[in-house]
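So you can see what is in the structure, the chains are spelled out below.
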Amino acid sequence: MATSSSSLIRRLVPYFSAQIRRNSRLLSYSSALRESEPSSSESSPPSTDAVHLTDNCVRRMKELQDEEPSKKLLRLSIEAGGCSGFQYNFSLDDKTNNDDRIFEQDGVKLVIDNISYDFVKGATVDYVDELIRSAFQVSTNPSAVGGCSCKSSFMVK
């Protein structure tokens, strides 16, 4: 048993190492692109690059905000991992950071950090209420080539 586990680990280590290096290069590349942009581009992004919220997403966020004493923000971030290379991470937040981009629709704010924004430009965020789960998800992402069927992870173009 120990030999087969050791053999499996030796075969998987190069794969995971390559994936980590690839993800690190992609994140470094997107950071370098952002830094090389002229400062005049720091104004609001063009509407084609805006991240959109569906009516279901807005309605659910308003329900959550009604339950809380302070207005919560929906935060979307991208993390390396998932079955397709990158995964979406949604959370409720109280504050924004200096590097955040804010998208607002009907009083609901979606907050995305600059590095994650490069992966979701032009995307649409939805709230789905299904038999097996209820969750926020990215329903369309022009930066994604493919992803898993549960729409929680994706591959970049």
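None of these values were measured; they are calculated from a predicted model.

*Asks:* Go over the overall build of the protein with me, naming the residues and quoting the values.
*Replies:* When you go through the protein residue by residue, the secondary structure sums to 3 helices and 9 strands. In the protein, which comprises 157 residues, the share counted as buried stands at 34%. Taking all contacts inside the protein whose residues are at least 6 apart in sequence as the whole, residues at least 24 apart take part in 52%. Surface summary for the protein: the accessible area is close to 9700 Å², and the carbon and sulfur share equals 53%.

*Asks:* Any details on the nonpolar core? Residues and values, ideally.
*Replies:* Across soluble globular proteins, nonpolar side chains show a tendency to be buried alongside one another. Formed by 26 residues in total, the largest nonpolar core has its most connected members in Val51, Leu76, Leu110, Ile112, Val120 and Val125. Of all the secondary structure elements, the ones that give two or more residues to this core are helix 2 (55-67), strand 2 (73-80), strand 3 (86-93), strand 5 (108-113), helix 3 (114-120), strand 6 (124-129), strand 7 (134-140) and strand 9 (153-156). Top contributing element to this core by residue count: helix 2, with 4 residues. Those residues within four positions of leucine 110 in sequence are excluded, and the remaining contacts are Val51, Leu53, Leu74, Leu76, Arg101, Ile102, Phe103 and Val125.

*Asks:* So what about the side chain of lysine 72? Which residues, and what values?
*Replies:* Along the chain, lysine 72 falls in the loop between helix 2 and strand 2. Here aspartate 94 takes part through its side chain, which lies 2.8 Å from a polar atom of the side chain of lysine 72. Beyond its immediate stretch of four places on either side in the chain, lysine 72 contacts Met61, Gln65, Leu92, Asp93 and Asp94.

*Asks:* Any details on the pattern of salt bridges? Residues and values, ideally.
*Replies:* If charged atoms from side chains of opposite charge come close, those side chains can pair. Scanning the entire structure with this criterion turns up 6 salt bridges. In this structure, arginine 75 engages aspartate 100 in a salt bridge whose closest nitrogen and oxygen atoms are separated by 2.8 Å. Placement of the pair is arginine 75 in strand 2 and aspartate 100 in strand 4 (residues 100-105), with a sequence separation of 25 residues. Comparing arginine 75 with aspartate 100, the two get one shared label, buried. Two residues, arginine 133 and glutamate 130, come together in a salt bridge whose shortest N-O distance is 3.9 Å. Salt bridges sharing common partners tie together Arg75, Asp93 and Asp100.

*Asks:* Quick one: what's the story with the packing of aromatic side chains, residue by residue and with numbers?
*Replies:* A complete count under the given rule lists 4 aromatic pairs for this structure. Between phenylalanine 86 and phenylalanine 119, the ring centres sit 5.0 Å apart and the planes meet at 35°, which makes this aromatic pair tilted. Taken together, the residues phenylalanine 86 in strand 3 and phenylalanine 119 in helix 3 connect sequence positions 33 residues apart.

*Asks:* Please set out the sheet that holds strand 7 residue by residue, giving values where relevant.
*Replies:* Sheet architecture is open: 3 strands sit in the order 1-6-7, paired in mixed fashion. Looking at strand neighbours, the two that pair on one side only are strand 1 (52-53) and strand 7, the edges of this open sheet. One ladder, built from 2 bridges, connects strand 1 with strand 6; its direction is parallel. The residue bridging leucine 53 from the neighbouring strand is valine 125, located in strand 6.

Rules used in this analysis
- Residues numbered from 1 in each chain as written.
- Predicted model: local features only at pLDDT ≥ 70, side-chain atom pairs only at ≥ 80, totals over all residues.
- Heavy atoms only, no water.
- Helix = DSSP H or I, 4+ residues; strand = E, 2+ residues; numbered from the N terminus.
- Buried < 20%, exposed > 50% of the residue type's maximum accessible area, 1.4 Å probe, protein only.
- Contact = heavy atoms within 4.5 Å.
- Areas by Shrake-Rupley, 256 points an atom, 1.4 Å probe, with all protein chains shown as cover.
- Core = buried A, V, L, I, M, F, W, Y, C linked by side-chain atoms within 4.5 Å.
- Polar contact = N/O pair within 3.5 Å; in protein donor to acceptor, adjacent residues only side chain to side chain.
- Salt bridge = Lys/Arg side-chain N within 4 Å of Asp/Glu carboxyl O.
- Phe/Tyr/Trp six-rings, centres within 6.5 Å; stacked < 30°, edge-to-face > 60°.
- Pairing = 2+ DSSP bridges.

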